[in-house]
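Structure assessment
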Amino acid sequence: MSGSRMEVIPASCDTLRGRLVFGLASAFLTLTVLSSGCQRFSKPDTIPPPEDNAQEVLGTEGEATAEDAGKILEPSLDSTSGSHAGAGPDAPPEQAPAAVEPRSDEASSPVETPPAALKDPFQQAVENMRAGPSKYPLALKQLDEALATNPRLAEAYFDKGVILQELGDLDGAVKAYQKALEVKPTLGVAVANLATIYRDQGQVTRSIEVLDAGLAASPDSALLHRHRALSLERMGRVSEATEEIRKILKINAIDVDAFVTLGCMYLRQGDYEMGRLVFEKALLSVPGADNNAYVHHNLGVAFLALEDRRATKQFDLALDAKPDLVPALVDRAYLYLKIQHYQEAAALLKRAVDVDPDSVVARMNLGVALRGLKDYEGAAAQYESALTHAPDDPGVLLNYAILLDDYRRDYASAIAMYQRLRGVVEGDEEIARVDKYIRIAKLNLQREERRRKRELERQRAEERAPEPTPPASRGDAGGSSEASDAAQESPPEGNRGDVAPAGGPNAGEPGVREEAAPTHDVESE
C-alpha cells in the first residue's frame, strides 16, 4: 500500500499528550490512533435529587461518560478514567495504555431532604442541572433563591460549585465548595471536587491538606482515601498511594472502585502484569464486577499492553456493560484499525463522537478510519474538528499532513501542516523525522510544479500550431467519403474494447507515487 502511513499513538489523557513521544515511522501504516483515555477532569460529581437518595450505592458508575469516568480522579495512565486505544505493543513507555476509573462510590451518597418550604426551588434547580448546560443559569438562580431562605443548605452550595466547575469558573466553584464544607464538613463529594481542582491546578500539597481535613471528619470515606491516594501518586509517592487504597479494602474488601483505582495505579507505572492480576482478582472476588465496564476495559488495557489477544473480548464485555463508554469504543475500534477493518472501526468511532463530540481522540481516529474508506473529505472534516479542540495535538497534525501529502497530493498544505507538527514535537529524533517528511513533500511539490509547467507549455504549443489542411477532394469522392465515415464509426479490430489509462491500473490512485518519489511504506515492519 504505497505511501500510506499511520502512526499509532495513545492519547489517553491530557497529561500524556503533554509529553507525547511518538515514532513517526513506526507501526504498520502510520496511523495515529489515539486512545480516548482518561481525562484528569471532566465533570464534578453531583448529588442526586433528594427522593433518589434512599441508600448509598457502592461502586456505582453513575452516568459517567468518557470524561465523567475520571471526574474527580486523577488520570489513569495519566488520567482517571481513560482508556488506551492505541498504544500497541511497539509503543514506547510514554505511550502506554491508559486506564479508566469509574465515578466515585460517593457520587450517589445520601442527601438530606431539604425542609418542605425549600424543596421546590432546590428540587427545581436539581432538575435543571440534569437538563444540561442550557439550564445552568436558571439552576444557579434557583439555588440562590433556596440559599436566600436557608443559608445553611450545604447541598445547594455544593450544587453551585458543580455548575460553576462545569462552566470553567474554578474560583467560584472553590468558594462554593468551601462554603458547603463550612456548613457540612462531612460532605465528602465537596471535599473530593475541591481536592480535584487543586490537584489539577498543580497544588497537590493543598489537595492533600483538604483531603486530610475531610478524612478527619469522615475517617472511613472510601472516596477520600482514593483521592488521597491519587494525590500521593501525583507527588511520586506511589507506595504510600497503594497503601491508601489498601486501607479502603480493609474497610470494605469488595469495593470495586478501590480495585479499579489500584489496578490503574499499576497500569500507570507500566506494571501491566500486576494490573492484570488486580482486575482479574476483582472479577473473581467482587460481586457484580463481571458487569462493571471499567473492570473489563482496564483488563483489556492490560492485555493489550501484554500483547494478549484476550483484550478484544474484554473491550467487547466493557461495551456490553456500558455501550457509551468512549474509551472502550475507541480501543475496540483501534483493534479493528490494526487489521484494516475500517468500516467496523468507523461505526464504533461515530458512536464515540456522538457521545462525546469534543473528544479529540475519537475524531482523530474516525478520520483515520474514513481515510481507509477513501472518504478523504470526511477524514479532513474530522481532523479539522479535532484541531479546533486541540490545535497542537501532534497525532492530529501528523494524520492531517499524511492525508494532504499522500492522498490529496496537496503538497503545499502538507508542508504547512508538517511545519506545525515540527513546532510541537520534542526530541531531536522526532524533529529529524518531521524534517525528513518536509523535505520529501518539498521535492514532490517541485516535481508537481515542473509537471504542471510542462503541461502548460504543451497546451500553449498546441494552441499555436497551425490547423492541418484537409486533403483535396476528388471528382468521385462520394463513395470515398462514405467509406471514410464508416471507418470512423468502426475502429480497426485491434483497437476495440477498453483501453487502460496511461500509467497502469493504479495511476491516479491516492497513495500511489511515481517512480522517482520515495515512499513511506512500513508494512514490512
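Thresholds applied
- Residues numbered from 1 in each chain as written.
- Predicted model: local features only at pLDDT ≥ 70, side-chain atom pairs only at ≥ 80, totals over all residues.
- Heavy atoms only, no water.
- Helix = DSSP H or I, 4+ residues; strand = E, 2+ residues; numbered from the N terminus.
- Buried < 20%, exposed > 50% of the residue type's maximum accessible area, 1.4 Å probe, protein only.
- Contact = heavy atoms within 4.5 Å.
- Areas by Shrake-Rupley, 256 points an atom, 1.4 Å probe, with all protein chains shown as cover.
- Expected span 1.5 Å × (residues − 1).
- Arc of directions from axis to C-beta.
- Salt bridge = Lys/Arg side-chain N within 4 Å of Asp/Glu carboxyl O.
- Axes fitted to C-alpha atoms, helices over the stretch in contact; angles between N-to-C directions.
- Parallel < 35°, antiparallel > 145°, perpendicular 65-115°, else oblique.
- Left-handed = near helix turned anticlockwise from the far one by under 90°.
- Nonpolar A, V, L, I, M, F, W, Y, C, P; charged D, E, K, R; others polar.
- Phe/Tyr/Trp six-rings, centres within 6.5 Å; stacked < 30°, edge-to-face > 60°.
- Lys NZ or Arg CZ within 6 Å of the ring centre and 35° of its normal.
- Polar contact = N/O pair within 3.5 Å; in protein donor to acceptor, adjacent residues only side chain to side chain.
- Core = buried A, V, L, I, M, F, W, Y, C linked by side-chain atoms within 4.5 Å.
- pLDDT = per-residue confidence, 0-100.

This part is about the overall build of the chain. Looking only at helices and strands, the chain features 21 helices and two strands. With 525 residues in all, the chain has 53% of them scored as buried. By sequence separation, contacts in the chain at least 24 residues apart represent 66% of the contacts at least 6 residues apart. For the chain, the computed accessible surface area is about 23,600 Å², with 49% contributed by carbon and sulfur atoms.

What follows is about helix α3 (residues 136-149). Quick reminder: α-helices carry 3.6 residues per turn. Residues three or four places apart thus point the same way. A rise of 1.5 Å per residue sets the reference length of α3, with its 14 residues, at 20 Å; its end C-alpha atoms lie 20 Å apart and thus fit the reference within 8%. Tyr 136, Ala 139, Leu 140, Gln 142, Leu 143, Ala 146 and Leu 147 are the residues of α3 that are buried. All buried residues of α3 project into a common sector of 165° when viewed along the axis, lining one side. Every exposed residue of α3 that faces more than 90 degrees away from the buried side is listed here: Pro 137, Lys 141, Ala 148 and Thr 149.

Right, let's talk about the pattern of salt bridges for a bit. The final tally for this structure, using the stated rule, is 22 salt bridges. Between Glu 448 and Arg 452 there is a salt bridge whose closest N-O contact spans 3.3 Å. You can see Glu 448 and its partner Arg 452 sitting in helix α20 (residues 428-464), four residues apart, about one turn around the helix. According to the relative accessible area criterion, Glu 448 is buried, its value standing at 16%. Each of Asp 212, Arg 228, Glu 244 and Lys 247 takes part in salt bridges that share partners, so that together they form one network.

As a further point, take the packing of helix α17 (residues 376-389) against helix α18 (residues 394-407). At a minimum axis distance of 10 Å, the contact between α17 and α18 shows a crossing angle of 150°. Put simply, α17 runs roughly antiparallel to α18. Considering only the axes of α17 and α18, their crossing is left-handed. In this structure, α17 contributes Tyr 376, Ala 379, Ala 380, Tyr 383, Glu 384, Ala 386 and Leu 387 to the contact, and α18 contributes Val 396, Leu 397, Asn 399, Tyr 400, Leu 403 and Tyr 407. Taken together, the residues that form the contact of α17 with α18 break down as eleven nonpolar, one polar and one charged.

Okay, α17 next. A rise of 1.5 Å per residue sets the reference length of α17, with its 14 residues, at 20 Å; its end C-alpha atoms lie 20 Å apart and thus fit the reference within 8%. Of the residues making up α17, those classed as buried are Tyr 376, Gly 378, Ala 379, Ala 380, Gln 382, Tyr 383, Ser 385, Ala 386 and Leu 387. Its buried side turned inward, α17 meets α16 (360-372), α18 and α19 (411-422).

Summed over the entire model, instances satisfying the criterion amount to four aromatic pairs. For the pair Tyr 376 and Tyr 407, a centre-to-centre distance of 5.3 Å together with 45° between the ring planes defines the contact as tilted. Separated by 31 residues along the polypeptide, Tyr 376 in helix α17 and Tyr 407 in helix α18 bring together distant segments of the chain. By relative accessible area, which is 13% here, Tyr 407 ends up buried. Across the ring face of Tyr 336, the terminal group of Arg 332 is positioned such that the distance to the ring centre comes to 4.1 Å.

With that settled, the discussion passes to unusual backbone geometry. Despite not being glycine, Gln 340 shows a phi value in the positive range, around 60°. Within the secondary structure layout, Gln 340 lies in the loop between α14 (326-338) and α15 (342-355). Of note, the phi angle at Arg 409 is positive, near 55°, even though the residue is not glycine. Its location among the elements puts Arg 409 in the loop between α18 and α19. Residue Arg 409 is classed as partly exposed on the basis of its relative accessible area of 28%.

With their axes 10 Å apart at the nearest point, helix α6 (residues 188-200) and helix α8 (residues 222-234) run at an angle of 10° to one another. Classified by the angle their axes make, α6 and α8 are roughly parallel. Seen from α6, the contacting residues are Gly 188, Val 189, Val 191, Ala 192, Thr 196, Arg 199 and Asp 200; seen from α8, they are Leu 223, Leu 224, His 227, Leu 230, Ser 231 and Arg 234. Here the contact of α6 with α8 is built from residues that sort into six nonpolar, four polar and three charged.

Here we come to the side chain of Glu 155. By secondary structure assignment, the location of Glu 155 is in helix α4 (residues 154-166). Within the local environment of Glu 155, its side chain forms a polar contact with the side chain of Lys 184, the two groups lying 3.1 Å apart.

Grouped together as the largest cluster of nonpolar side chains are 52 residues, with contacts concentrated most on Val 330, Tyr 383, Val 396, Tyr 400, Leu 403, Tyr 418 and Leu 421. By residue number, the principal contributor to this core is α18, which donates nine residues. Formed by 38 residues, the second largest nonpolar core is a distinct cluster that contains Phe 122, Ala 173, Ala 180 and Leu 223.

Before going further, it helps to spend a moment on the environment of Thr 186. Along the chain, Thr 186 turns up in the loop between α5 (170-183) and α6. Contact partners of Thr 186, with chain neighbours within four places excluded, come to Ala 217 and Ser 218.

All right, on to the confidence of the model for the chain then. A residue-level look at the chain finds 66% of positions with pLDDT of 70 or above and a mean pLDDT of 75. Across residues 1-43, confidence stays below pLDDT 50; counting only partners more than four residues off in sequence or on other chains, it has 244 contacts.

Before going further, it helps to examine the environment of Ser 413. Along the chain, the position of Ser 413 falls in helix α19. For the pair Ser 413 and Ala 401, spaced twelve residues apart in sequence, the C-alpha separation works out to 7.8 Å. At 2.8 Å, the side chain of Ser 413 and the side chain of Asp 410 are in polar contact.

A few words now on the environment of Glu 127. By secondary structure assignment, the location of Glu 127 is in helix α2 (residues 116-131). Considering only alpha carbons, one finds Glu 127 and Ala 139, twelve residues apart in sequence, at a separation of 8.1 Å.

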